[in-house]
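Reading the structure
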Amino acid sequence: MAADWLGSLVSINCGPTLGVYQGEVVSVDQSSQTISLRQPFHNGVKCPVPEVTFSAIDIKELKILDITIGNAKNGSSASTKVSSAPVAVPKGDPRSVANVNSPQHCSKSQVERHLDIPGQPKGFRRRHNSWSSSSKGANQATPKKNGVKNGQMKPRDDECFGEAIDDGLDTDFDFEGNLALFDKAAVFSEIDISERRNGARSRGTPQDQTPTRYRHDENILEAKPVVYRQITVPQPGAKEYCTDSGLVVPSISYELHQRLLSVAERHGLSLERRLEMTGVCASQMALTLLGGPNRFTPKNLHQRPTVALLCGPHVQGAQGISCGRHLANHEVEVIMFLPNFVKMLDSVTSEVTMFNKTGGKQVSSIKDLPDTPVDLIINCLDCHENTFLMDQPWYRAAADWANQNRAPVLSLDPPGSGQGHAVEAKWSLSLCLPLSLAEGAGRVYLCDIGIPRQVFKEVGIKYISPFGCKFVIPLHSA
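Residues numbered from 1 in each chain as written. Predicted model: local features only at pLDDT ≥ 70, side-chain atom pairs only at ≥ 80, totals over all residues. Heavy atoms only, no water.

Heads up, the rule is: UniProt positions are given in the numbering used here, feature names are shortened, and annotations may be inferred rather than shown by experiment.
Under an unreviewed UniProt entry, the name given to the protein chain is Enhancer of mRNA-decapping protein 3, and the organism recorded is Eleginops maclovinus. Quoted straight from UniProt, the Sequence similarities (unreviewed entry) entry for the protein chain says "Belongs to the EDC3 family." UniProt lists a comment for the protein chain under the heading Subcellular location (unreviewed entry), and it reads "Cytoplasm, P-body".

So, in structure tokens, the structure goes:
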């Protein structure tokens, strides 16, 4: 009886470990309980060996894919072979493929009984697509795009393509129509009414919603409109400046500037305090211009910057000497030029005495100044009162040296535009309120020397500090 199955195509399921094999039966040994397949396929892939033998203990399930019908009743040895081409089972699928080329049609009930899996719910429907067995017979196969091989059509699997599909899947979902059914305004109105009943704050419409998150520069509280002209003077100068934030800073005349300093000194802001405050602000600006923290590091002490300080025998010169003292305390090599005078102001003398304690270099001749360019020149030669100093030989020599040194120049407390500038400056630093400076003053900066608001009010100036968190701010021409 076992010989009747020789030449048939079978599918042998050996469990999840060994997998599924298909091939043509070449031998069946009843004594040893083995079966051999020729030209075997393992999980849909052709095996490299021509023959595989299985033991009965390894076989979990055996299915006949293609039967060789013999003429045993008529005593004839001839047999009719339905198909000799093995049908590959999908990889890892323990179920066999139905007989595609069989001349007998299997009913739907037989196929479903054949594919029943233990533990599977009865309501389970097999996956199918639009290929239906109702429109195609069991022997009719629909080829793929490249379904022709060696002049023969590849057979289709009726288990996969054998059931009809629901025609409703062909209709597309109407997204626009369903979206139109949603009334956004009505929904938000209901939410608003519900929150008002519960005492909660109304959300409002999406356009009216208050943002729940703010940027770092946004204020949660509603601010008043910004007033950019916070400083008004009784006699405005010829120019107006503005800060980086847009605040207007008007220039004042030299007479009003001197009256402001005089009232501040009467209220306790002495000249020594003013010199110290000016020196601190000017030195801080100079340190920034020299490189700031990128240059002044412990690993960069071998490249100490050099600053040339040009001072005259007046209050502006004393301010420069105070600045040089602070720079020397910050490891800056300072060379101070001050001409020899028999008698100088007490403020200048006291500042020179303190500067000499820092180890800075003081010279009285232009020949002792460096021949090579320095890192920065601080110009304090000009005086607001004595314009005749510009005609002195030492003044002209110092101005010529500064213009030929090719180093950037910082002018400290320069005079107004009515006086000439012998030294072309890149930056200018004014005190409390700027004067109307000429074009040669370069970029204008303003420093806070600590004058109280009531002192401004006493001289007729309505003043609100434009400095913010800084003591030195840049000004731009309005």
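This is not the end of the story, as more comes after the structure.
1. What about the packing of helix H8 (residues 315-329) against helix H9 (residues 346-356)?
As a reminder, the rule being used: Every angle, taken between N-to-C directions, lies between 0 and 180 degrees, and every axis is a line fitted to C-alpha atoms, over only the stretch in contact when it is a helix. Here a helix means four or more residues in a row that DSSP labels H or I, a strand means two or more in a row labelled E, and each is numbered from the N terminus. Here is the rule for angles: anything less than 35 degrees is roughly parallel, anything more than 145 is roughly antiparallel, 65 through 115 is roughly perpendicular, and the remaining ranges are oblique. If you view the pair so one helix is near and one far, a crossing is left-handed when the near helix is turned anticlockwise from the far one by less than a right angle, and right-handed when it is turned clockwise. Whether two residues touch is decided by their heavy atoms; if any such pair falls within 4.5 Å, the residues are in contact. Note on residue categories: nonpolar means Ala, Val, Leu, Ile, Met, Phe, Trp, Tyr, Cys or Pro, charged means Asp, Glu, Lys or Arg, and polar means any other residue, Gly included.
For the pair H8 and H9, interaxial distance at closest approach is 9 Å and the crossing angle is 15°. By the angle between their directions, the pair H8 and H9 is classed as roughly parallel. Here H8 and H9 pass one another in a crossing that is left-handed. Residues Ala318, Ile321, Ser322, Gly324 and Arg325 of H8 lie in contact with H9, whose contacting residues are Ser347, Val348, Glu351, Val352, Met354 and Phe355. Of the residues that constitute the contact of H8 with H9, the class distribution is six nonpolar, three polar and two charged.

2. Quick look at the pattern of salt bridges
What counts is decided by this rule: What makes a salt bridge here is a side-chain nitrogen of Lys or Arg within 4 Å of a carboxyl oxygen of Asp or Glu, nothing more. Each residue gets one of three labels from its accessible area relative to the maximum for its type: buried under 20%, exposed over 50%, partly exposed in between, using a 1.4 Å probe on protein chains only.
In total, this model carries eight salt bridges according to the counting rule given. Between Glu24 and Arg38 there is a salt bridge, with its nearest N and O atoms 2.9 Å apart. Taken together, the residues span a long stretch of sequence, with Glu24 in strand S2 (residues 20-29) and Arg38 in strand S3 (residues 34-42) at a distance of 14 residues. On the accessibility criterion, Glu24 (12% relative accessible area) is buried. Taking the shortest distance from any N to any O, the salt bridge between Glu240 and Arg229 comes out at 2.8 Å. A residue pair is termed long-range when its members are at least 10 positions apart, and Glu240 in strand S11 (residues 236-242) and Arg229 in the loop between helix H5 (184-197) and S11 qualify at 11 residues. When its relative accessible area of 30% is taken as the criterion, Glu240 is described as partly exposed. Look at the salt bridges and you will find they share partners, linking Glu276, Arg325 and Glu351 into a network.

3. Points about the sheet that holds strand S15 (residues 361-363)
As a reminder, the rule being used: In this scheme, strands are said to pair when DSSP sees at least two bridges between them.
Taking strand neighbours across the sheet as the criterion, the eight strands line up as S15-S14-S13-S16-S17-S18-S19-S20 in an open arrangement whose pairing is mixed. Lying at the two open borders of the sheet, with one neighbouring strand each, are S15 and strand S20 (472-474). Strand-to-strand twist in this sheet, taken as the mean axis angle between neighbours without regard to direction, amounts to 20°. Both strand S13 (residues 306-311) and strand S16 (residues 376-380) contribute to a ladder of five bridges, which runs parallel. Note that in S16 the partner of Leu309 across the bridge is Ile378. Sheet strands in contact with helix H7 (residues 271-289) are S16, strand S17 (409-412), strand S18 (427-431), strand S19 (443-447) and S20, and its direction is about 160° off that of S18.

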